[in-house]
Structures are given as C-alpha cells and as structure tokens.
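Structural characterization, general
Read off the chains here:
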Amino acid sequence: MTRLAVPKTYKLYIGGKFPRSESGRVYAVTTPSGDFLANAAQASRKDARDAVVAARSAFGGWARATSYNRGQVLYRIAELLEGRRAQFVEEIVQSEGLSASAAGRQVDEAIDRWVWYAGWADKYVQVAGNANPVSGPYFNISVPEPTGVVAIIAPQSGGSLLGFVSAVAPALVAGNTVVVVADETRPLSAITLGEVLATSDVPGGVVNILTGSPAEMAPWLASHADVNAIDLVGAGDLDWVHLEIDAAETLTRVLQPESGADAAAPSLSRILAFTETKTVWHTKGLL
Amino acid sequence: MTSTPVVTTQPSTRSRALALIGGEATDANLRRYLHGIPGVDGVGLEQRAAAISTRSIKTSSKKRAIDTVIGLMDLTTLEGADTPGKVRSLVGKALTPDPGDPGCPRVAAVCVYGDMVPYAAQALGSAHAAGRDQGIFVASVATAFPSGRASLAVKLADVADAVAAGADEIDMVIDRGAFLSGRFGQVYDEIVAVKEACRRVDGSLAHLKVILETGELSTYDNVRRASWLAILAGGDFIKTSTGKVQPAATLPVTISMLEVVRDWHRLTGARVGVKPAGGIRTSKDAIRYLVAVAETVGEEWLTPNLFRFGASSLLNDVLMQRQKMRDGHYSGPDYVTID
C-alpha cells in the first residue's frame, strides 16, 4: 500500500504566529516547469497592515536589546539555518530547478551572510558613531539608532533564500523590525525561514513575512504612515517611482531597487541605511 | 450637603418602580421581583453577539459610524497619576480630537475623578455643557470609585462635592458586595440616595450613571438583575464597568443590558441609557457595539443622551481609521496625540 503524502499549505508569519491570509486566499506555487508544489497564502493589504502593527509593537523590545544580545540572537538563527539545511536545499531544488549542489551552495552562502551580518551587531556603532570635535568643555557624540519599522520587498529573482536573507538580515542588525514581502513565485524558503525564526530567540513580530503579490501590497506599505523605511530592492518590476513618491508623503526612507547577480550584496551601508544618527552633548564632568 | 427634600425627583418613575416590585423596596420584595425575571440564555446571547460581530460595515457607512463613535465617547482619564495639566490636555483633545481636520466631531463628555472636575470645567470654558443640552459634559466618577467600599455618608459627600464643582454627570459604583449577598434593598436605597445627592443648587439633577461592574457579578443573570435594580432605583444610565476590573465591557453583557433597557422602555415608555466602558480599544469593536444598539433597542438610542462609550485609548484608534479613510493610506500613532 502506498502512503498518501501530506502536502503542506504554507502560511504567513505575523507577530510570531502563522496565520492564514485574512482574505482567505491562497495561490499555487509551482516548479519552474509548472508542476504544482504547494499552496501559499496570498496576503492582502490588511495582512500587511496587521504585520506593521505587529512590527511596531515588537520594535521597542528589539531596539532596546543590547547590541551584543542582538548579535547572539542573530547568530543563533544561523545555527538553526544550518540544522535545517537539507530542507532548504530540497525546497530550492524543487522551486528554482537548481541541482542539489548549486542549491547547497546557495544555502551555505545565505548562512555565511547571516553570520557576517550577525557579527556587525555589536560593531557597526563603533564604525558609524563618532565623538565629534568641539571647542568647549563638553562631549558631542553621534550614535546610529534604528529607524523603526522597515518594509522590504525581497528580491524577486536570483536565489530565493539568499535574496531574502540579504534583504532582511541587515535591517535587523541595528534593531529595526521588518515586514517583508517574499519572492512571489518562490516563497517556500522564506516561509521555512519564518519557521526557523519562530523557534529561535527572535521575539515575535521582529520579522513578519508576507507571501503574495508585491504589486498588491507594496503601495500600501509605501504609503503607510507607521512604516519608517522601505527597501524596494526587489521592486524593480513595479512602478517603484510612484512607490517612492508615496513613501515621501509620510517621510519614509527609501532604498531603491537593485538588480543583477550582486543585488543586495553584503555591505555596511545596507545596515546604516536603516539607522538615524542621534547627536547629543554631555558635560565633561562637574569638577 | 443640602437638606434632602422628602419628595423624590421622579415620582412617576418611583411609583411605577414600587408598583412593579409590589410594595416598598425591601430586600424581600426586590428579591421576589428580581429573581422572578426570566434567566438569560447565555449560549444564545453569546451567539447573538458573535453574529453581530460578523456584520461588515464599510466605506460611507463606516465613515458615519466612526463619527458617531466619536460623538458618543466619554473621553476618560482615571489614573492615580492624573494632574490638572493632564486633564487640560484631555479636554483639548475632547474639543479638537484631530487638530488636522476641523470637520472631526467633538466627543460627548470627559470623564475624570471628582477632584479634577473644576479643572475640566475651567478648561472647557464656553464649550462646557453646564446644564445645557449642547456642549461637552463633564462626567465625574464618585462614591468611592472604583471599589465603592466606603460608608454611605462618604459616598454622598463625594457625589455632592463633584456636583458642586460642576460635574454634569455622576458615574457611581454599586455596592457589589451587598448585591452579591442579596441585600438588594441596600443597593436600591443607595442609588436613590446618590440620585438625590446629584441635585444642584438650582434644583436640577446631574445625570446619574450606575456602574454595575459586570466583571464582578459573575453571571449574565446577575447582570440582568443588577440592571433592573439600577433602573428601578432611578439610574439615568447603566454602565458596565469601572475599567479597573477584568473582564470589563463585553459585547454579550452589553447586549443583555440593552435588552433590559428595551424592556423597560416597552413597559414604561421611559428611556434609560447604556454605557459600555473598559476594554473597547479598536474602532472595529466600537462599531460592533453600534450595531448591537441599533439592532437591540433601535437607532434612536445612538445619541449621547442614551448611549456612551467609556474609553481612553479607543479615540486614537478611531482617529487613525478616520485619517485612513480621508487620506487613502494607513495612518500611524505618530499622527495622533500620546495620552
């Protein structure tokens, strides 16, 4: 007797939980050759709204955590990714049509990149902060602080896991919380990463993952007054100029789309893009 | 305190109440009457509340509902840390809930502790209703709010003090201990006495809201009995909760109170108000209450004289929804005031 396989319905990841889309919609995820792979939830603008609320309420705790603690939490995610390596490889093989070895290389690179960003958590402040020169008996200090809630349109081409990690990890380093719209046609590794996050030490709501149409959700995220920055790295095929204009209406920081093999390449500037510089003065002492 | 006149304020209501009870308001008579009321079908009530929660209110209806919610709101601050400055900023918010939109309606009332009433009245200035039918009312909690554990003399002094300071409405708490141990006569007499203490110098009466604190009454049957008791004793409003006890206002409890108000109206033609308070934080929740009112007692109850929301954080959510409908994009907490 043959065993009946249990097909998986992939859900969203919002506020540390895995809800279905509020709209009740799902869409079929297929292999490159068009074979059915799984159903994924098709998030609506209201799911995006709920995700922003979850991200906002998680922001205080995540931003206040010490940078050393954030680094440890991020590093542990890399450990968990390593543990789920086989599942990621299988999903990438199925959904991207890569060979097992190419998929393995992508997973390794994604893990390495995550570790690289985790290392920056307690170091970027020393690089980007400064004790400013002054001509008086006081200190003047500039420090980077997290921007707030960052919406991300993840890369829609290239390696699905690597692109997702490259966009999400840098925003987390400084203490931002993120709402990320995953690769529309190949969302499986993103949701599996959500399952990794749910079992790691990342507080619920720090990362919120939406699957579905970026064209549908991006305008609502860009114009949302409670989103502080939007990374349009994967929005190259959308009308991103209008997204930029919408974002400007509520003073939202924007990172423009990138394309090509080195889209969202690891760099300190991706971390600093989602920080605000706070400058304070302090007396040298009351002697 | 002024000397209490012998004749009660609403002889018709009182005599009607006594006729219903079948004699004087003694424990025995009240018990016979209140325990004779048919029990509440809890499952049916919760089902009805769940059904009401599924109504979809969108676009222009939602817009109107949101403005109605603001106009029915008792904007509340009941913290130990309240200061005159905080009350003044609350009044500022009551007058212009959304400074970016002059078309935004004002709230119905501000609700504060008794000692803050003078500051609220002063800050309202000419916008203070002060006995008129229009303007913003000042509501004051009294009678040893929220526990109600004080002697009757202290409670009455508390009420008279707030009324003298300019409160238009008094939110009293019933003695839940007495109610739960069956001393209905005591609860009844207390409400009657407090109502009398609401008398102003000119002889008019401040509106009396009777807080049942449904979270401490345990059962729907008790809520129904307490609602009847409060109405029989002459309460102008019945209010669910102080907001200091969990659970506070819930939709099923409010519906069962609305049913009592509806039955009382059918019986006597008199209209009594309902005020759910505490735990209503989102406009979605608030709109469900509007639907419940419209479908239980009728839309004529959706006026500040007959229905209120007791809330503090609700207003910000409602304003964000309002801004979303106006601007076409989601708003955020940065665009409303921090309370």
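Please read all numbers here as calculations on a predicted model, not as lab measurements.

Some points on the overall build of chain B
- Across its full length, chain B carries 13 helices and 8 strands.
- Taken over C-alpha atoms, the radius of gyration comes to 19 Å for chain B, in line with the 20 Å a tight globule of 339 residues would show.
- Principal-axis analysis of the C-alpha atoms places the extent of chain B at approximately 60 × 45 × 30 Å.
- In chain B, which comprises 339 residues, the share counted as buried stands at 54%.

With respect to the nonpolar core
- Counting 99 residues, the largest nonpolar core has Val110(B), Ile170(B), Tyr188(B), Ile191(B), Phe309(B) and Leu314(B) as its most contacted members.
- Aside from chain neighbours lying at most four places away, what touches Phe309(B) is Val69(B), Leu72(B), Met73(B), Asp74(B), Lys275(B), Pro276(B), Ile280(B), Ala286(B), Tyr289(B), Leu290(B) and Leu314(B).
- Core analysis: the next-biggest nonpolar cluster, separate from the first, contains 62 residues, Leu74(A), Ala78(A), Ala174(A) and Val180(A) among them.

Comments concerning the UniProt feature "domain: Aldehyde dehydrogenase" (unreviewed entry) in chain A
- Residues annotated by UniProt as "domain: Aldehyde dehydrogenase" (unreviewed entry) correspond here to residues 22-237 of chain A.
- A distance of 26 Å separates the end C-alpha atoms of residues 22-237 of chain A, which is 51% helix and 19% strand.

A look at the confidence of the model for chain B
- The pLDDT averaged across chain B works out to 93; a share of 96% of its residues lies at or above 70.
- Note on residues 1-9 of chain B: pLDDT under 50 across the span, and 10 contacts to partners over four residues away in sequence or across chains.

Details of the pairing of strand E4 (residues 169-173) of chain B
Residues and elements named next belong to chain B.
- Summarising burial for E4: 5 of the 5 residues are buried, a large majority.
- Because side chains alternate across E4, one face comprises the buried residues Glu169, Asp171 and Val173, and the other comprises Ile170 and Met172, equally buried.
- Handedness of the crossover is the feature at issue here: the chain leaves strand E3 (residues 137-141), passes through helix H7 (residues 152-164), returns alongside E4, and the resulting connection is right-handed.
- In this sheet, strand E5 (residues 207-211) lies alongside E4 in parallel orientation, the contact comprising 5 bridges. Note that in E5 the partner of glutamate 169 across the bridge is histidine 207.

Here we look at a nonpolar patch on the surface
- Taken together, the side chains of Val134(A), Tyr138(A) and Trp281(A) make up a nonpolar region of the molecular surface, amounting to roughly 300 Å² of accessible area.
- Structurally, Tyr138(A) can be placed in strand E5 (residues 138-146).

Some points on the interface of chain B and chain A
- Listed by partner, the interface residues are 9 residues for chain B and 9 residues for chain A.
- Taking both sides of the interface into account, the surface hidden between chain B and chain A amounts to around 930 Å²; carbon and sulfur atoms contribute 53%.
- When the area that chain B buries against chain A is broken down by residue, the three leading residues are His329(B), Tyr330(B) and Tyr335(B), summing to 60%.
- At the boundary of chain B with chain A, the tally comes to 0 salt bridges.
- At the boundary of chain B with chain A, the tally comes to 3 residue pairs in polar contact (both at pLDDT 80 or more).
- In the side of chain B that touches chain A, the residues fall into 3 nonpolar, 4 polar and 2 charged.

Describing the pattern of salt bridges
Residues and elements named next belong to chain B.
- Throughout the structure, instances matching the rule amount to 41 salt bridges over all chains.
- A salt bridge links glutamate 295 to arginine 48, with the nearest nitrogen and oxygen atoms 3.8 Å apart. Pair noted here: glutamate 295 is in helix H12 (residues 283-296) and arginine 48 is in helix H3 (residues 42-53), with a separation of 247 residues, a long-range link.
- The salt bridge partner of glutamate 169 is lysine 209, with a shortest N-O separation of 2.7 Å. A residue pair is termed long-range when its members are at least 10 positions apart, and glutamate 169 in strand E4 and lysine 209 in strand E5 qualify at 40 residues. The burial state of glutamate 169 is the same as that of lysine 209; both residues are buried.
- One salt-bridge network, held together by shared partners, links Asp74, Glu169, Asp171, Lys209, Lys239, Lys275 and Arg308.

Topic: the state of the cysteines
All names here are of chain B.
- Summed over the entire model, instances satisfying the criterion amount to 0 disulfides over all chains.
- Summary of cysteine pairing: cysteine 104 is not part of a disulfide, and the nearest cysteine sulfur, belonging to cysteine 111, is at 20 Å.
- With no disulfide partner, cysteine 111 has as its closest neighbouring cysteine sulfur the one in cysteine 198, 13 Å distant.
- Its relative accessible area of 1% is what places cysteine 111 among the buried residues.

Some words on the packing of helix H2 (residues 27-34) of chain B against helix H10 (residues 220-232) of chain B
Residues and elements named next belong to chain B.
- The geometry of H2 relative to H10 is characterised by a closest axis approach of 10 Å and an angle of 125° between their N-to-C directions. By the angle class used here, H2 and H10 are oblique. Between H2 and H10 the crossing geometry is right-handed. In contact with Leu30, Tyr33 and Leu34 of H2, H10 contributes Arg225, Trp228, Leu229 and Leu232.
- Residues belonging to the contact of H2 with H10 are distributed by class as follows: 6 nonpolar, no polar and 1 charged.

Re the sheet that holds strand E4 (residues 130-132) of chain A
All names here are of chain A.
- Reading across the sheet, the 3 strands line up as E4-E5-E11 and stay open at both edges, with antiparallel pairing between neighbours. With partners counted over all chains shown, the strands left at the sheet margins are E4 and strand E11 (275-283), one partner each. The sheet shows a mean angle of 30° between the axes of neighbouring strands, taken without regard to direction.
- In the sheet, E4 pairs with E5 via 3 bridges, with the strands oriented antiparallel. Within the sheet, the bridge partner assigned to asparagine 132 lies in E5 and is asparagine 140.

Description of the pairing of strand E7 (residues 177-181) of chain A
Residues and elements named next belong to chain A.
- Counting buried residues in E7 gives 5 out of 5 residues, a clear majority hidden from the surface.
- Residues Thr177, Val179 and Val181 of E7 are buried on one face, and the alternating residues Val178 and Val180, pointing to the opposite face, are buried as well.
- Pairing analysis gives 5 bridges linking strand E6 (residues 149-153) to E7, with the strands arranged parallel. Paired with alanine 151 across the strands is valine 179, a residue of E7.
- Chirality of the crossover, the property in question, places the unit of E6, helix H6 (residues 160-173) and E7 among those that are right-handed.

Remarks on helix H13 (residues 314-327) of chain B
Residue and element names in this part refer to chain B.
- With 14 residues, H13 extends 20 Å between its outermost C-alpha atoms, agreeing within 8% with the 20 Å of an ideal straight helix rising 1.5 Å per residue.
- The buried fraction of H13 is high, at 10 of 14 residues.
- Burial in H13 covers these residues: Leu314, Leu315, Asn316, Val318, Leu319, Met320, Gln321, Arg322, Gln323 and Lys324.
- In the segment just after H13, glycine 328 is the residue with positive phi, at about 80°.

What to know about helix H1 (residues 45-64) of chain A
- With 20 residues, H1(A) ought to run about 28 Å at 1.5 Å a step, and its terminal C-alpha atoms sit 29 Å apart, in line with that.
- Of all the bends found along H1(A), the most pronounced is centred on Ala58(A) and spans about 40°.

Conventions we followed
- Residues numbered from 1 in each chain as written.
- Chains lettered and ligands numbered in written order.
- Predicted model: local features only at pLDDT ≥ 70, side-chain atom pairs only at ≥ 80, totals over all residues.
- Heavy atoms only, no water.
- Helix = DSSP H or I, 4+ residues; strand = E, 2+ residues; numbered from the N terminus.
- Rg over C-alpha atoms; globule rule 2.2 N^0.38 Å.
- Buried < 20%, exposed > 50% of the residue type's maximum accessible area, 1.4 Å probe, protein only.
- Core = buried A, V, L, I, M, F, W, Y, C linked by side-chain atoms within 4.5 Å.
- Contact = heavy atoms within 4.5 Å.
- UniProt positions renumbered as here; feature names shortened; annotations may be inferred.
- pLDDT = per-residue confidence, 0-100.
- Right-handed = clockwise from strand over helix to strand, strands pointing away.
- Pairing = 2+ DSSP bridges.
- Patch = residues over 30% accessible without salt bridge, like charges linked within 9 Å, V, L, I, M, F, W, Y side chains within 5 Å.
- Areas by Shrake-Rupley, 256 points an atom, 1.4 Å probe, with all protein chains shown as cover.
- Salt bridge = Lys/Arg side-chain N within 4 Å of Asp/Glu carboxyl O.
- Buried area = accessible area lost by both parts, 1.4 Å probe.
- Polar contact = N/O pair within 3.5 Å; in protein donor to acceptor, adjacent residues only side chain to side chain.
- Nonpolar A, V, L, I, M, F, W, Y, C, P; charged D, E, K, R; others polar.
- Disulfide = S-S within 2.5 Å.
- Axes fitted to C-alpha atoms, helices over the stretch in contact; angles between N-to-C directions.
- Parallel < 35°, antiparallel > 145°, perpendicular 65-115°, else oblique.
- Left-handed = near helix turned anticlockwise from the far one by under 90°.
- Expected span 1.5 Å × (residues − 1).
- Bend = angle between axes of the 7 residues up to and from the residue.

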